[in-house]
Amino acid sequence: MNALPPAKGQVIGHSVTRLEDGPLVRGQGRFAADVNFPRQIFMRVVRAQIAHGHLIAINTEAARALPGVIAVWTHADVASIPPIPFRATRLQGLEPYCQPILAAGRVRYAGEPVAVVFAENPYLAEDAADLVLAEIEELPVLLDARLPPAEFAPGTSTEPAIVRKQFGDVDAAFATAFDVVALDLSVGRHSGVPLECRGAIARYDAAHDVLELHGTAKKQHWNRDEIARLLGLRPHGVHLFEGHVGGGFGVRGELYPEDLLVCLAALRLGRPVKWIEDRREHMVATNHSREQHHSLRAAIDAQGRLLAIDAVFHHDQGAYVRTHGARVADLTAAMLPGPYRLHAYRVAGHFRLTNKTPAATYRAPGRFESTFVRERLMDAIAARIGVDPIELRRRNLLASADMPHARQLDALGTDVVLDSGDYAGLLDKSLARFGWDALQAELRARRAAGELVGAGIGFFVEKSGLGPSDGVRISVDRTGAVELVSGAASVGQGVETVLAQICAETLTVDYRAIRVVRGRTDRIEFGNGAHASRVTVMSGSATHLAALEIRAMALATAAPLLQAQPDELTLARGHVVRIAAPETDLMSLAEVAAHMGPGSPLMIGRTPGLTAERWFYSDHMTYPYGVHLAVVRIDRGTGEIRVERYLVANDIGRAVNPMLVEGQIAGGVAQGLGGALFEEFRYDEAGQPLSTTFADYLIPTLAEMPALDVLVAEDAPSPLNPLGVKGAGEGGINGVGAAIASAVDDALRKPGAITTLPILPRQVHAMLPR
Amino acid sequence: MKPPDFTYHAPETLEQALSLLASLDNARLLAGGQSLMPMLTMRFAFPDHVIDLNRVAGLAGITQTGDTLRIGAMTRQRDLLDHPFVQQKIPLLAQALALIGHRQTRNRGTIGGSLCHLDPAAELVSVMTALGATIEIAGPNGPRDVAMADFPLGYMTPSLAPDELVTAVHLPVPPPGHGASFLEFSRRHGDFAIVSAAVMLTRHSSGHLADAVITLGGVGPVPLRLAKAEALLAGQTPTPDLFTQAACLAREIDAMEDAQIPAWYRRRLAESLTRRALTAAHQSLPGAA
Amino acid sequence: MTQHHSITLHLNGTAHAVSVEPRHTLVDVIREGCGATGTHTGCEHGVCGSCTVLLDGEPIRACLMFAIQADGRQIRTVEGLAHGTILHRLQQAFIDHHALQCGYCTPGFLMLAAGLLEADPNISDDALQDGLSANLCRCTGYVNILRAVRAVAAELRA
């Protein structure tokens, strides 16, 4: 919209339109299902229809006999492939719980792959899959993580680990507390559910001895290394490609059984193998998330100040440990204290398996849950001592002077050190922007007129910019074209545009002229992908460093040619200019690059090319934070909860592209609304999944969206990176459950009424006075 | 989610369609496809034959004769919704049609298809019951008519022999000056209703209610007429208290229960929607304050 | 006994002669038979609207129709919106208002919006919101989609 003349180089902080959009609005995107190769065949997964049982036999004869069927595999055919591993964690002992790529002797959730069929077309593959008969002897199902653990396999229980964290003297705090507030809370099972289902297309290119995997996302380099290891290949002989990605949200791009199966089949069957997940599969096959049950107690003083929190929670991991290990439980435990001053804390997170689809991260993992829990607690404390919930929060917020604040906790293997923040300042800004005081009067008047209306708050602290490293290589060719190769990935959030803006800022070129390459293992040796709101921080910082190096190289190369000292020169409009006469273009980057070719006399004894690769390292995460405010109205007749107004205030240090930041936040709010009011993976008592279609799993539509306001604040730049940025991907969803629960309580005039998410109309209706 | 294999037939006359229906085993009729297609892509249905009615001449169209509107079974929901006569004279039907799915599904979905699918929560099933429609059926023994109230034999089971198909719906045009309201509650906009209430009111010149029709959808396997409430209203002076009293009778209905929705909640929804629909229908009466 | 039928789909003004099985859905044949992969499948059971195309000018869900039923019919997809290098005003508005992130639902939303605005250039804002609530988006929270379509609607009214 307000695209500034980018030739001036002033592109960071401006809402420029995206590089990504052209092909996407023209229908020229290349999503997984759009990838095709000659002679490809189609894989279809046969999934267990029973939630738990011994796999007695699998009859594949009828499927094999169907014309057009190429192969049918069961575990026996893939027994040499180890189960799918998880990424590094400090927790020990999770290995026995990893998922085999096809069920081995036992099925543990309805939807678990038990066989795969390969056929000439997808219709035929589905016909054949229907003919595969799995004989399963049913076992009792375990569907509640709060129940005592059962046997997972001989010698192992369904509780692989307990995540424990602690600081301060909790028992002493409770012994001397003015009062103790206790709560039991639950967050339902929901997940990312991107509009594009997963897909994987593998082919073996014998001419180059390379196995290619297409349709990948998020973590290409780790996945490449693991695919190579599990299949006994050299990592250099495995290339992963990322096309367009129809939404990630944490669930896409992890290594799943299907990724390995297509790779193995491409090698064994000698033809490209394509697998496109369908929606009903997606609902039982792709990672679920969120389901946790929390019991917590808080010791408080007479003013409602937190002295200690003693928390226990049960994390429902589903049937297996997937690539994230116990990351969600770990983050829940580490992030639960949020923005508040806390002297003592003890948490035990019971990481437990059940007979449901395996769970892992979904946007703001462990924070959507812990913010709900913590903010419910703050509302409960406010009610207990009879102060306004906003005032109660003020009394407990960490102050700017406390920053940086070491939490004495670790998360994802790094110490939690809140890097910067003005929590109370943002609270004030948010309340003013929302018109909180006037709103209270308005709500009182509406209540007096018989309406059930209320307002609520959720304060959150996010984490972003997970290290340890990311690299970016920038090259300028002799036409002046700039290419940026990153080990990051894109799941549709605008990575190319943001990295191009950062690069253009330093090189003073048009950001639209920069080609950004991401998600390809054949173009850069290392990468950590796109997750945990890390790309802008990590790859953005690496881009900044690499661009500075290109600039320095260009000035150093140009200086002797211009009979100047490098420090008398700078860049403007993509040209080398004298600082003293910046309006005169002296030499374009293209000309500089031409002077840096392999045959150039200037390059004797030097590595040719105007190319720089720089790495950014970080031991600590950055911590964005923010406030969610909601107004809800409850329909007396139906219990329906209508979110009328919503505000997200989010301090992200520095916004590279405010329009994209606001877009991230708005999208997060919609997903949070789903988790707060609509979305839930439900199961019957036999463990049969009940939410397997879009008619049962309710994603909010436009009609359910509230009037939304977004306040992007830049008051607390991160001291941990050169740009001052913090991640913006997860603040929009983080506090939605908390704020809406708070507002529904307020509308009901019943503090503490809401203890579970999603909040269902019939539950609310049952709470209404008759 | 690819449909199973079947043999496709595209008859061009009603006679051809009936003859195919009579001669083929395990055949399904394909109308607008908005319900059948998902059943096929999910492989809940495995027909050996699909008889596509979309090319059969004369099955679509809306004609008005005197006090009756004849709606061909293959008339698209969208076309009926946009029909000026429906908009002007049968507001209950217009309101119900606007709540069926979304624009894309109404563009394909047909009147006959929805009625034969007979989902208990479907707006058309409920509204046609409320309006006292007659279903016109063709079969090897010639045409026959069935009152909409008698058309559902049970849960998703229409009164149709395997060799019969619905050709049209006949609607008595409601009297001018009636009041109407169709309301429903669904979790999301455009979803199937959990419960719907269709209300039509007529009034004497004295101001007393002459007649009330209250039909509830989604509460049971077939639409339910709230006869007690209708009787309570007839002849009475309309007041908010009266509507509340009438709606209260919905608390006594026999409501379905499923994993998601307990019976008590369906009854509460029925009560609320009935009260609101009575109020709205009353307000829509000409000259109402 | 799989039957194959030869049909012609008129896609964005070009006739495509394709051989289909009766059970092939329209969206699958648009994508695989005609090679127009801009139309996406998001659910294949008629809820998400990602596969929305215009059939004889009206938006429909291409997963809820068999290709054989579209024999001889006019179909418009996202690939037919732009005129060469000139984007359709809806496409430009989606870019200008950041109405897409991952872009997967975008073709369906564009065709839905095109259908709504072509049928009624004076469409009310309520009707527009009602119409656009037919499709699912998981990235944008719909805010900017509504903004973009509203902007085009306002241009049309002006």
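On a predicted model such as this, the values are computed, not experimentally measured, just so you know. (Residues numbered from 1 in each chain as written. Chains lettered and ligands numbered in written order. Predicted model: local features only at pLDDT ≥ 70, side-chain atom pairs only at ≥ 80, totals over all residues.)

1. Some points on the overall build of chain C
- Along its length, chain C carries five helices and five strands.
- Secondary structure elements of chain C, listed N to C terminal, follow the sequence β-β-α-β-β-β-α-α-α-α.
- Here the C-alpha radius of gyration of chain C, 16 Å, is about what a compact globule of 158 residues would show, namely 15 Å.
- Once the C-alpha set of chain C is aligned to its principal axes, its extents read approximately 55 × 30 × 25 Å.
- When contacts within chain C are restricted to residue pairs at least 6 apart in sequence, those whose partners lie at least 24 apart make up 58%. (Helix = DSSP H or I, 4+ residues; strand = E, 2+ residues; numbered from the N terminus. Rg over C-alpha atoms; globule rule 2.2 N^0.38 Å. Contact = placed C-beta atoms within 7 Å.)

2. A short note on the overall build of chain A
- The number of helices and strands found in chain A is 20 helices and 31 strands.
- Relative to the globule expectation of 27 Å for 770 residues, the C-alpha radius of gyration of chain A, 27 Å, shows essentially globular dimensions.
- Seen through its principal axes, chain A has C-alpha atoms that stretch 85 × 70 × 50 Å.
- Residues counted as buried form 61% of the 770 residues belonging to chain A. (Buried ≥ 20, exposed ≤ 12 C-beta atoms within 10 Å, placed from the backbone.)

3. Comments concerning the domain arrangement of chain A
All names here are of chain A.
- Split by domain assignment, chain A resolves into domain 1 (6-30 + 466-617), domain 2 (32-141 + 198-276), domain 3 (148-188 + 288-397) and domain 4 (420-462 + 623-770).
- Computed from C-alpha atoms alone, the centre-to-centre distance between domain 3 and domain 4 is 20 Å.
- Listed per partner, the contact involves 28 residues of domain 3 and 34 residues of domain 4.
- Of all the secondary structure elements, the ones that give two or more residues to the side of domain 3 that touches domain 4 are β10 (179-187), α10 (367-385) and α11 (389-396).
- Ranked by residues supplied to the side of domain 3 that touches domain 4, first place goes to α10 with nine residues. (Domains from an automatic or database assignment.)

4. Observations concerning the interface of chain A and chain C
- On the chain C side, the residues contacting the 42 residues of chain A number 43 residues.
- Broken down by class, the residue content of the side of chain A that touches chain C amounts to 22 nonpolar, 14 polar and six charged. (Nonpolar A, V, L, I, M, F, W, Y, C, P; charged D, E, K, R; others polar.)

5. Description of the sheet that holds strand β20 (residues 452-461) of chain A
Residues and elements named next belong to chain A.
- As summarised here, the arrangement of the four strands in space is β20-β28-β29-β30, forming an open sheet in which the pairing is mixed. Each edge of the open sheet is held by one strand with a lone partner, namely β20 and β30 (707-713). Pairwise comparison of adjacent strand axes, ignoring direction, gives a mean angle of 10° for this sheet.
- Note that strand β28 (residues 625-634) and strand β29 (residues 641-651) share ten bridges and pair antiparallel. If you follow Y625 over to β29, its bridge partner there is D651. (Pairing = 2+ DSSP bridges. Axes fitted to C-alpha atoms, helices over the stretch in contact; angles between N-to-C directions.)

6. Here we look at the packing of helix α4 (residues 125-132) of chain C against helix α5 (residues 143-157) of chain C
Residue and element names in this part refer to chain C.
- In contact at an axis separation of 11 Å, α4 and α5 are set at 135° when each is read in the N-to-C sense. With respect to α5, the element α4 is oriented oblique. The way α4 lies across α5 gives a crossing that is right-handed. Facing α4, whose interface residues are D125, L128, Q129 and L132, α5 presents I145, L146, V149, R150 and A153. (Parallel < 35°, antiparallel > 145°, perpendicular 65-115°, else oblique. Left-handed = near helix turned anticlockwise from the far one by under 90°.)

7. A word on the environment of C:G141
- Note that C:G141 resides in the loop between α4 and α5.
- A count of 30 C-beta atoms within 10 Å places C:G141 in the buried class.
- Here the alpha-carbon distance between C:G141 and C:A99, two residues 42 residues apart in the chain, equals 9.4 Å.
- Setting aside anything within four residues of it in sequence, one finds C:G141 in contact with A:A666, A:G667, A:V669, A:A670, A:M705 and A:L708.

8. Notes on the nonpolar core
Residue and element names in this part refer to chain A.
- By size, the foremost hydrophobic cluster in this structure holds 397 residues, and its most contacted members are V117 and I740.
- Top element by residues in this core is helix α15 (residues 535-561). It accounts for twelve residues.
- Non-local contacts of I740, meaning those with residues more than four positions away in its chain, are made with G456, A630, V632, V643, A676, L677 and I759. (Core = buried A, V, L, I, M, F, W, Y, C linked by C-beta atoms within 7 Å.)

9. A closer look at helix α1 (residues 14-23) of chain B
Residues and elements named next belong to chain B.
- Those residues of α1 that fall on the buried side of the exposure criterion are A17, L18 and L21. Down the axis of α1, the buried side of the element spans an arc of 95°, and every buried residue falls inside it. Of the exposed residues in α1, the ones pointing more than 90 degrees away from its buried face are E15 and S23.
- The inward-facing, buried residues of α1 contact β2 (27-30), β3 (49-52), β6 (134-138) and β10 (165-172). (Arc of directions from axis to C-beta.)

10. Re the sheet that holds strand β4 (residues 62-65) of chain B
Residue and element names in this part refer to chain B.
- If you walk across this open sheet you meet the five strands as β4-β5-β10-β6-β7, and the pairing is antiparallel. Two strands bound the open sheet, and with one partner strand each, they are β4 and β7 (144-147). Across the sheet, the axes of successive neighbouring strands diverge by a mean angle of 25°, strand direction being ignored.
- When strand β5 (residues 68-72) meets β10, the two strands line up antiparallel, connected through five bridges. Residue L69 lies in a different strand from β10, and its bridge partner there is L171.

11. Some points on the interface of chain B and chain C
- Residue-level contacts link 24 residues of chain B with 22 residues of chain C.
- Counting residues per element, the ones that place at least two in the side of chain B that touches chain C are β1 (7-9), α2 (36-41), β3 and α6 (103-108) of chain B.
- Residue contributions to the side of chain B that touches chain C peak at five residues, all from α6(B).
- Each residue belonging to the side of chain B that touches chain C can be placed in one class, and the counts come to nine nonpolar, eleven polar and four charged.

12. Some details on the domain arrangement of chain C
Residues and elements named next belong to chain C.
- For chain C, the domain assignment lists domain 1 (5-80) and domain 2 (89-157).
- The centre of domain 1, based on its C-alpha atoms, is set 21 Å off from the matching centre of domain 2.
- On the side of domain 2, 13 residues touch domain 1, which itself brings 16 residues to the contact.
- Only β3 (52-55) and β4 (58-61) provide two or more residues apiece to the side of domain 1 that touches domain 2.
- With three residues, β3 is the largest single contributor of residues to the side of domain 1 that touches domain 2.
- Each residue belonging to the side of domain 1 that touches domain 2 can be placed in one class, and the counts come to six nonpolar, nine polar and one charged.

13. A word on the confidence of the model for chain C
- When pLDDT is averaged along chain C, the result is 97; 99% of the residues meet or exceed 70.
- Both confidence scores are given for the complex: pTM 0.97, ipTM 0.98. (pLDDT = per-residue confidence, 0-100.)

14. Quick word on unusual backbone geometry
- Residue A:P468 is bonded to the preceding A:G467 through a cis peptide linkage, with omega at 5°.
- Relative to the elements of secondary structure, A:P468 occurs in the loop between β20 and β21 (469-476).
- Omega for the bond connecting A:L757 with A:P758 falls within 30 degrees of zero, at -5°, which places this linkage in the cis form.
- Positionally, A:P758 belongs in the loop between β31 (756-757) and α20 (761-767).
- A positive phi is found at B:N26, a non-glycine position, where the angle reads about 50°.
- With respect to the helices, strands and loops of the structure, B:N26 is situated in the loop between α1 and β2.
- Backbone geometry places B:L118, a non-glycine residue, at a positive phi of 60°.
- Among the structural elements, B:L118 can be located in the loop between α7 (111-117) and α8 (123-130).

15. What to know about the pairing of β3(B)
Residues and elements named next belong to chain B.
- In this sheet, β3 lies alongside β1 in parallel orientation, the contact comprising three bridges. Residue T7 lies in a different strand from β3, and its bridge partner there is H49.
- With respect to chirality, the unit in which β2 leads through α2 into the neighbouring parallel β3 is right-handed. (Right-handed = clockwise from strand over helix to strand, strands pointing away.)

16. Side note on the packing of helix α6 (residues 220-231) of chain A against helix α7 (residues 257-269) of chain A
All names here are of chain A.
- At a closest axis distance of 11 Å, the pairing of α6 and α7 adopts a crossing angle of 55°. Accordingly, the angle class assigned to the pair α6 and α7 is oblique. Considering only the axes of α6 and α7, their crossing is right-handed. When α6 is examined against α7, the residues I227, L230 and L231 are found in contact with a partner set consisting of D259, L260, C263 and L264.
- Split into classes, the residues belonging to the contact of α6 with α7 amount to six nonpolar, no polar and one charged.

17. Some remarks on helix α3 (residues 106-119) of chain C
- Along its 14 residues, α3(C) runs 20 Å from first to last C-alpha, staying within 8% of the 20 Å computed at 1.5 Å per residue.
- With respect to burial, α3(C) is a largely interior element, twelve of its 14 residues being buried. (Expected span 1.5 Å × (residues − 1).)

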